[in-house]
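# Structural features, examined
Residue-level listing of the chains:
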Amino acid sequence: MPDTYLLIFLCALITFAVRSGGYVLMSYFGTVNHRVEAALNAVPIAVLSALVAPTILTGQWPDALAIALVCLFSMRMSMLPAIVLSVIALVFMRQVAGL
């Protein structure tokens, strides 16, 4: 159990260092080119796609369907209700499929 707490602390420390280092580095350069800003704005969706794509391709059908549902729900409502509804749908589909 103490190893778990150490791991959580080290992950938090590394995350803080990376975020702080990025802020210091970006503030050193002053203004950012609009192309760099557009690239930085695209990073979160690229990371999310890299995390979700293997589940869609190699996961089971309830997982892929839940990801599709959250995409559809997020077009009509805010992100939190979309995620909650999709998780509920995923639990239901897994129960039906016996997974």
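Residues numbered from 1 in each chain as written. Predicted model: local features only at pLDDT ≥ 70, side-chain atom pairs only at ≥ 80, totals over all residues. Heavy atoms only, no water.

## Re the overall build of the protein chain
Filter applied, for reference: Secondary structure elements follow DSSP: runs of H or I no shorter than four residues count as helices, runs of E no shorter than two count as strands, and numbering proceeds from the N terminus. For every residue, the accessible area obtained with a 1.4 Å probe (protein chains only) is divided by the maximum for its type, and the residue is called buried under 20%, exposed over 50%, and partly exposed between those limits. In what follows, residue pairs with any heavy atoms lying within 4.5 Å of each other are defined as contacts. Here the accessible surface of atoms and residues is derived via Shrake-Rupley with a 1.4 Å probe, and residues count as covered only by protein chains that are part of the display.
Looking only at helices and strands, the protein chain features four helices and zero strands. The N-to-C order of helical and strand elements in the protein chain reads α-α-α-α. Expressed as lengths along the three principal axes of its C-alpha atoms, the size of the protein chain is roughly 55 × 45 × 25 Å. When burial is assessed residue by residue, the protein chain has 10% of its 99 residues classed as buried. In the protein chain, 44% of the contacts between residues at least 6 apart in sequence involve partners at least 24 apart. Carbon and sulfur atoms provide 74% of the accessible area of the protein chain, an area that totals close to 8200 Å².

## Description of the environment of Ala68
Its location among the elements puts Ala68 in helix α3 (residues 61–76). Separated by 47 residues in the primary sequence, Ala68 and Gly21 have C-alpha atoms spaced 36 Å apart.

## Observations regarding the environment of Pro62
You can see Pro62 is positioned in helix α3. Judged by relative accessible area, Pro62 falls into the buried class, the value being 0%. Other than its neighbours up to four places away in sequence, Pro62 contacts Leu90, Met93, Arg94, Ala97 and Leu99.

## Brief notes about the layout of surface pockets
Heads up, the rule is: Here a cavity means grid points, on a 1 Å grid over the protein atoms only, where a 1.4 Å probe fits yet cannot get out; a pocket means an open set of points with protein on both sides within 12 Å along at least five of seven lines; lining residues are those with an atom within 4 Å of a point. Grid points are joined across faces, edges and corners, and a volume is the space filled by probe spheres set on the points.
Estimated volume of the largest pocket: approximately 410 Å³. What lines the largest pocket is a set of 17 residues, among which Leu48, Val52, Ile67, Val70 and Cys71 lie closest to the centre. The set of elements that each furnish at least two residues to the lining of the largest pocket consists of α2 (34–58), α3 and α4 (79–97).

## Things to note about the packing of α2 against α3
What counts here: A fitted line through C-alpha atoms represents every axis, and for helices the fit uses only the stretch in contact; the resulting angles, taken between N-to-C directions, go from 0 to 180 degrees. Any angle that is under 35 degrees is reported as roughly parallel, and any over 145 degrees as roughly antiparallel; angles of 65 to 115 degrees are reported as roughly perpendicular and all others as oblique. Two helices cross in a left-handed way if the nearer one is turned anticlockwise from the farther one by less than a right angle. They cross in a right-handed way if the turn is clockwise.
As a packed pair, α2 and α3 sit with axes 7 Å apart at the nearest point and diverge in direction by 135°. Taken together, the axes of α2 and α3 lie oblique to each other. Between α2 and α3 lies a crossing of left-handed hand. Contacts between α2 and α3 involve Val52, Thr55 and Ile56 on the former and, on the latter, Asp63, Ala64 and Ile67.

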